[in-house]
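Observations on the model geometry
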Amino acid sequence: MRSIHFLGFLVLGTVAATAAGCGGDDEGVGGQGGAGGAGGAGGATSSSTSSSTSSSVTTSTSSGGDETDQNDSIETAESIEIDGDAVQATLEPIDADQDFYSFTGTKGQVLYILTDAKPEENEGDPTYPDLVVSLLDAQGTQIARNDDPPQGGNDSRLITVLPADGDYYLLVEECTSALGPSNCAPAENIENFDYALGITLLDPAAAEDDSLVGETEPNDEAAQALPLHYEALEDETGYYTTFVIGGFGTATDVDVYSFTLPETPAAESGLRATFVTSAPAGAEGSGSTVDVSEITVFDAADLTTPYAKADPSKGGSIEVPVKVGEAAEYLVFVKRPQGDVGANDFYVLLHNRVAIDGLEAQDLTNNLATTPEGDLSSFELSGGGIAYAVDGQLADGVTPDTDHFALPVPEDADETWKVSAFCAAQRHGSGLREFTVTLLNGDGTELGEGYTATETETADLAIVGADLPASPAEGRLLVKVSAGTPAEDVTSRSYDCTFGYLPAP
């Protein structure tokens, strides 16, 4: 495997969750994030959402393009090589052009297909293309696709395992062309039409660093757990994402891994461990013929009850606070659903060590709206406005625990501003159930319909772009965080939230 620096990308580095992708997102209001934190209001999250960020190819910023490219069909596909040089190309007309590329691959090869169009300083810039990349087999049938990667950003990054020896094709197009204008940001706002495309081979056996781990059997039991490793960034401020590439050889196969998060660099509010699948299975995802149906995390000192549990096939991932240091070992069990073995039953997990933005600090006093916790961790949003982040716990007890937080309204905000909330508990592996967030006026009174949301196993908790009251009481809003009866088979009671104020577009 060549260096992790490929095409100018930080190939095995994480991408900080920045802008909401295509898929019907309103400009200026973000969606739920993947690993690394709940998505930020305004399409941005804290810079500490992940331990590193991607660097990008610098592409031309011309508003024109080559209208005579000759790769608009499979028959005229342009050749591209695995581990070869990046292809620099242009989409024009931006909302209709389709570029095809051909390459030859071998069964079992793990490929990382990367595109780059967005500028490094703003991965959500609407004046650049929001790319979608599709993998086609020799007959032109789509077998995998990526729009926005789980790490965040709009530049497509597809990780897949080739199902057979032979010829393959890549289709690169803008979101509007691939998914339709109703599902994408307006194509008429795009002024820069250029992009880069490359393919790199991920080969754990030949890797020269610790950020690429290949599953090896037997690893079906705790005693056979395969340890995960961490590759430090060159500036030692964090770690690259660890890619875990595995497969299910039988209908009952279970894969077990172990991890211990490094203590350094220290994180003031603690650390989370994250495990997220690189994409759903199937032709609209990774191309795998099986889903991962369960990821469970155990404290190695107690294998009786899972600490965290998530179902990736329903959109869940693991993102829970963990202990660090040599004595804090955890085990991760990866399971598949019942059923026959498919033709290409693989999975790719992205694992990272993520600094917590802000930790709940007043659990003994924030149970009431009259004594909300303030001074939350905050950061500015790229579209203006401000966001607040908090990681908390709802402790078990005879009286259900509730948390209240105060969100100061920016001094320049008026009634045209919007307020949003994005939170996760169950869908990040916690045992909390019916996790609910309610936005209240600054004096604790209800704001009415549209200011509350509840998480389910299959649906994110999101309050998107609710109107800001004309005169918020005490110059603030309050957040009430609560939950129903927790799960008995998961011990974590954690949640993570991002709240934000944003001016109207």
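Keep in mind the model is a prediction, meaning the values are calculated, not measured.

1. Details of the overall build of the protein chain
Summing up its helical and strand segments, the protein chain has one helix and 30 strands in all. Burial status across the protein chain gives 57% buried among its 505 residues. Taking all contacts inside the protein chain whose residues are at least 6 apart in sequence as the whole, residues at least 24 apart take part in 78%. On the protein chain, roughly 20,000 Å² of surface is accessible, and the fraction owed to carbon and sulfur atoms is 47%.

2. Concerning the environment of F298
Mapped onto the elements, F298 comes out in strand 17 (residues 294–299). For F298, a relative accessible area of 11% corresponds to the buried category. Separated by 76 residues in sequence, F298 and A222 have C-alpha atoms that sit 10.0 Å apart. Apart from the residues within four sequence positions on either side, F298 is in contact with L303, T304, T305, P306, Y307, E329, Y330, L331 and F333.

3. Thoughts on the pairing of strand 16 (residues 271–277)
Of all seven residues that make up strand 16, seven are buried, and the element is covered over most of its length. In strand 16, alternate side chains face the same way, and those of L271, A273, F275 and T277 on one face and R272, T274 and V276 on the other are all buried. Sheet topology note: the strand 16/strand 21 (residues 346–355) ladder contains seven bridges and is antiparallel. Note that in strand 21 the partner of A273 across the bridge is R353.

4. Things to note about empty space enclosed by the protein
Per the stated rule, a full pass over the model turns up five cavities of 30 Å³ or more. Taken as a whole, the largest cavity spans an internal volume of roughly 120 Å³. Together, 15 residues line the largest cavity, and T277, A279, P280, A281 and V292 are the ones closest to its centre. A class-by-class count of the residues in the lining of the largest cavity yields nine nonpolar, five polar and one charged.

5. Some remarks on the sheet that holds strand 28 (residues 461–467)
The strands making up a sheet associate through backbone hydrogen bonding, with each pair oriented either parallel or antiparallel. Strand order in the open sheet formed by five strands is 22-23-30-25-28, and the pairing between neighbours is antiparallel. What marks the edges here is a single partner per strand, and that holds for strand 22 (377–380) and strand 28. Each adjacent strand pair in this sheet contributes to an overall mean axis angle of 15°, direction not counted. Here strand 22 runs beside strand 23 (residues 386–393); their pairing, made up of four bridges, is antiparallel. By the bridge assignment for strand 23, E380 is matched with I386.

6. Considering the pattern of salt bridges
Enumeration according to the criterion identifies 13 salt bridges in this entry. The salt bridge partner of D391 is R272, with a shortest N-O separation of 2.6 Å. Placement of the pair is D391 in strand 23 and R272 in strand 16, with a sequence separation of 119 residues. Of the two residues, D391 and R272, neither departs from the other in class, the shared state being buried. Put simply, D396 and R493 hold a salt bridge, and the shortest N to O gap is 2.8 Å. Taken as a pair, D396 in the loop between strand 23 and strand 24 (403–408) and R493 in the loop between strand 29 (476–482) and strand 30 (494–502) lie far apart in primary sequence, 97 residues in all.

7. Topic: unusual backbone geometry
Cis peptide bonds are those with omega within 30 degrees of zero, and the linkage from E217 to P218 qualifies with 0°. Assignment of secondary structure puts P218 in the loop between strand 12 (212–214) and strand 13 (226–227). T264 connects to P265 through a cis peptide bond whose omega is -5°. Topologically, P265 is positioned in the loop between strand 15 (254–259) and strand 16. Look at E236: it is not a glycine, yet its phi comes out positive at around 60°. Phi is positive for D375, which is not a glycine, with a value near 55°. Checked against the element boundaries, D375 lands in the loop between strand 21 and strand 22. Residue D375 is classed as exposed on the basis of its relative accessible area of 83%.

8. Examining the state of the cysteines
Taken as a whole and assessed by the stated rule, the structure comprises two disulfides. Note that C175 is cross-linked by a disulfide to C184, the S-S spacing being 2.1 Å. Across the S-S bond of C175 and C184 the torsion is about -75°, and the bridge reads as left-handed. Of the two residues, C175 and C184, neither departs from the other in class, the shared state being buried.

9. Quick word on the pairing of strand 5 (residues 98–105)
Here strand 5 lies mainly inside the structure; six of its eight residues are buried. Here strand 3 (residues 78–79) pairs with strand 5 via two bridges, running parallel. Residue pairing in the sheet places E78 in a bridge with Y101 of strand 5. For strand 5 and strand 10 (residues 166–174), the ladder comprises eight bridges, and the chain directions are antiparallel.

Conventions used here
Residues numbered from 1 in each chain as written. Predicted model: local features only at pLDDT ≥ 70, side-chain atom pairs only at ≥ 80, totals over all residues. Heavy atoms only, no water. Helix = DSSP H or I, 4+ residues; strand = E, 2+ residues; numbered from the N terminus. Buried < 20%, exposed > 50% of the residue type's maximum accessible area, 1.4 Å probe, protein only. Contact = heavy atoms within 4.5 Å. Areas by Shrake-Rupley, 256 points an atom, 1.4 Å probe, with all protein chains shown as cover. Pairing = 2+ DSSP bridges. 1 Å grid on protein atoms, 1.4 Å probe; cavity = no way out; pocket = protein on both sides within 12 Å on 5 of 7 lines; lining within 4 Å. Points joined across faces, edges and corners; volume = space filled by probe spheres on them. Nonpolar A, V, L, I, M, F, W, Y, C, P; charged D, E, K, R; others polar. Axes fitted to C-alpha atoms, helices over the stretch in contact; angles between N-to-C directions. Salt bridge = Lys/Arg side-chain N within 4 Å of Asp/Glu carboxyl O. Disulfide = S-S within 2.5 Å.

Note that every value here comes from positions in space, so none of it alone points to a role or purpose.
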